[in-house]
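Close look at the chain arrangement
Take a look at the letters that make up each chain.
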Amino acid sequence: MTTPAATEAPLLQVGAITKTFGGFTALDNISVDIRQGERFGLIGPNGSGKTTLINCISGALRPQAGSVIFRGEDITLLPPHLRARRGIARSFQIPRPFKSMTVLENLMVGLDFAATGSRQPEEEAAMSILTRMGLAAKADAPSNTLSQVELRKMELARAMAVRPKLLISDEAMAGLSSSEVDEVLDLLISLGEEDITIIMIEHIMQAVMRFSERVMCLDAGKIIALGAPDEVMANKRVQEAYLGT
Amino acid sequence: MTGHRNSIIFWGGVAVFLVAVLTMTQIVRNEYPFFAGYVILQFIALAVAWSILGGYAGYVNFGTNAFFGVGVYTAVALFKATGAPLVVQIAAAAVVGMTLGFGVGLLTLRMRGIFFSIATIALAIIIETFVMNWRFVGGAAGIQIQRPPVMAPFDSYVKMLFFVQAILAVTAISIARYIQNSKVGRGLQALRDDELAAECTGVPTLKLKLIACMISGALISAAGAPAAMYLQYADPFSAFNLTYSVSALAMALIGGTAHWIGPVLGAILLGSTQQFLAVTISSEVNVLVLGIMLVLFVVGAPKGIIGLLRPRYRLRAGGKP
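A quick note: this is a predicted structure, and the numbers were derived from the prediction, not measured.

1. A closer look at helix α7 (residues 183–193) of chain B
All names here are of chain B. With respect to burial, α7 is a largely interior element, eight of its eleven residues being buried. Buried within α7 we find G185, G187, L188, Q189, A190, L191, R192 and D193. Its side-chain oxygen at 3.2 Å from the backbone nitrogen of V184, S182 defines the N-terminal cap of α7.

Rendered as structure tokens:
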């Protein structure tokens, strides 16, 4: 599927999105293109609109204005489950497991409903994802017995069960120890090598720097910097937004 | 493979049960067991049907009485207008119940948890008020029903109704079992745990909720349809009695909602206890017993009887309060 045309056209085009909550403007005219296979970092202080943006991309929220184009198709008005079927998967900032299910069953939901055209038997497919994520030993464990890092991995594994073309990771490393951060980061990077485009929201700067090919920084609903990681870090407005000077 | 064998056992059990019921109607002379048995079978159908929405999907419907009453009055109106046979009455009740279920399903767009439950109570009150003012079916005073002649091979109408209700209960169970083992069941379980996460994992939550509401509604109304023939009488207060809601909910929760067998066990246990008490003490004690048992189970066995029997299901039964 890697015809030149497919690699040239952006996978995701966010076009002039505006999202307001009452009088508060969470996203103000945001436009950005994400390329096929890109590892994209999304940073910004708390309340800058990062999660709102990915909610608009994954369909949990509908913007008041603007459009979301995914693989050439306008998906602005599609509900989240249809976006999942088209290949947009996400994890949540605060893990949201299906707590009455085992880890394996959590993945089966995505395989049942979103993954299309897979030849593998579902259970086998779920196990192979879990093995990748280092969760194979926990396959039959109830998901409400997992540790924090296991929950984070399961969120990513469940997103992978959707067979995504675009994976959005919303602070998958929050609250993890530094060795656990490296573990999850290695996982994300290895997924990126499989032609899965990844948008990563993260506060841990080393992780963002190591992971991202491009970084976008939001502040108060506006893009204040977009470019190579070290350029963005060196940007004065980014430093101001983070340090408040 | 075990799934296949389970199916053979299940359908074998269904066949044996229906044959036993039919044989009983031919052999037993006394009508009382059929009077009592009808009520128990009716509650099995109600509890199982309730559980499809309340258990699998986690949307606690307090309007079982709305669906039940709609079933009763669909049958009454149709019978009075056209003299339609029982089978047609039941089918019509199922269709109307399904339509009402669709409406209730749309409520889930905006309401969850306690707000959904309250809306379903309101629905029952609205429909009851409407029926109270509907002269054609007798209004608030109710209506007497003259049973048509009984059909062969049955020698009494109550025996026939007993057999009909057995079929309705088995239908409800079969559908609940099918849903539980299907993709729909997994989707409902996912949306019960977390609706947004389910939606983002590809589950068409609205569609599944509508399906659950429509099936549950159709089955409850169908189970209610023969009630007027059973009592030879219908009135709004009895047909829309909140006791149906409380009983269906209590039986499902006491049995456990993680598996279709839960509501069946709950309905058999509570239904037969109630029938026994109604004969030996008084029918008013019924409600008290229901209340006490519900409290005991909520405290002692929150996952119901099947939670006690099969620890595996403790995990699954985590329905929202």
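2. Topic: the sheet that holds strand β1 (residues 12–21) of chain A
Residues and elements named next belong to chain A. Spatially, four strands are ordered β2-β1-β4-β5 in an open sheet, and the strand pairing comes out antiparallel. Strands with a single pairing partner mark the edges of an open sheet, and in this sheet they are β2 (24–34) and β5 (73–74). Relative to β2, β1 runs antiparallel, the two sharing seven bridges. Its bridge partner being in β2, T20 is matched across the sheet by T25. Packed onto the sheet, helix α2 (residues 50–58) meets β1, β2 and β4 (65–70) and runs at close to 120° relative to β1.

3. Observations concerning the packing of α7 of chain B against helix α9 (residues 205–224) of chain B
Residue and element names in this part refer to chain B. Interaxial distance between α7 and α9 falls to 10 Å at its minimum, and their mutual angle equals 110°. In terms of orientation, α7 lies roughly perpendicular with respect to α9. In contact with V184, G187, L188 and L191 of α7, α9 contributes T205, L208, K209 and A212.

4. Digging into the confidence of the model for chain B
Residues and elements named next belong to chain B. Chain-level pLDDT for chain B is 88 on average; 96% of the residues reach the 70-or-more range. When the elements of chain B are averaged for pLDDT, helix α16 (residues 312–316) gives the smallest value, 48, and α9 the largest, 95. In this model, residues 314–321 is a region of pLDDT below 50 whose contacts with residues beyond four sequence positions or in other chains number 25 contacts. Confidence estimates for the predicted assembly give a pTM of 0.89 and an ipTM of 0.88.

5. Re the pattern of salt bridges
Enumeration over the complete set of coordinates arrives at 18 salt bridges over all chains. Between E150 of chain A and K138 of chain A there is a salt bridge, with its nearest N and O atoms 3.7 Å apart. Taken as a pair, E150 of chain A in helix α6 (residues 148–161) and K138 of chain A in the loop between α5 (122–132) and α6 lie far apart in primary sequence, twelve residues in all. What makes K138 of chain A partly exposed here is its relative accessible area of 30%. A salt bridge links D193 of chain B to R192 of chain B, with the shortest nitrogen-to-oxygen separation between them at 3.8 Å. Like D193 of chain B, the residue R192 of chain B is buried in the burial classification. Through salt bridges with shared partners, one network takes in R35, E38 and R214 of chain A.

The rules behind these values
- Residues numbered from 1 in each chain as written.
- Chains lettered and ligands numbered in written order.
- Predicted model: local features only at pLDDT ≥ 70, side-chain atom pairs only at ≥ 80, totals over all residues.
- Heavy atoms only, no water.
- Buried < 20%, exposed > 50% of the residue type's maximum accessible area, 1.4 Å probe, protein only.
- Helix = DSSP H or I, 4+ residues; strand = E, 2+ residues; numbered from the N terminus.
- Polar contact = N/O pair within 3.5 Å; in protein donor to acceptor, adjacent residues only side chain to side chain.
- Pairing = 2+ DSSP bridges.
- Contact = heavy atoms within 4.5 Å.
- Axes fitted to C-alpha atoms, helices over the stretch in contact; angles between N-to-C directions.
- Parallel < 35°, antiparallel > 145°, perpendicular 65-115°, else oblique.
- pLDDT = per-residue confidence, 0-100.
- Salt bridge = Lys/Arg side-chain N within 4 Å of Asp/Glu carboxyl O.

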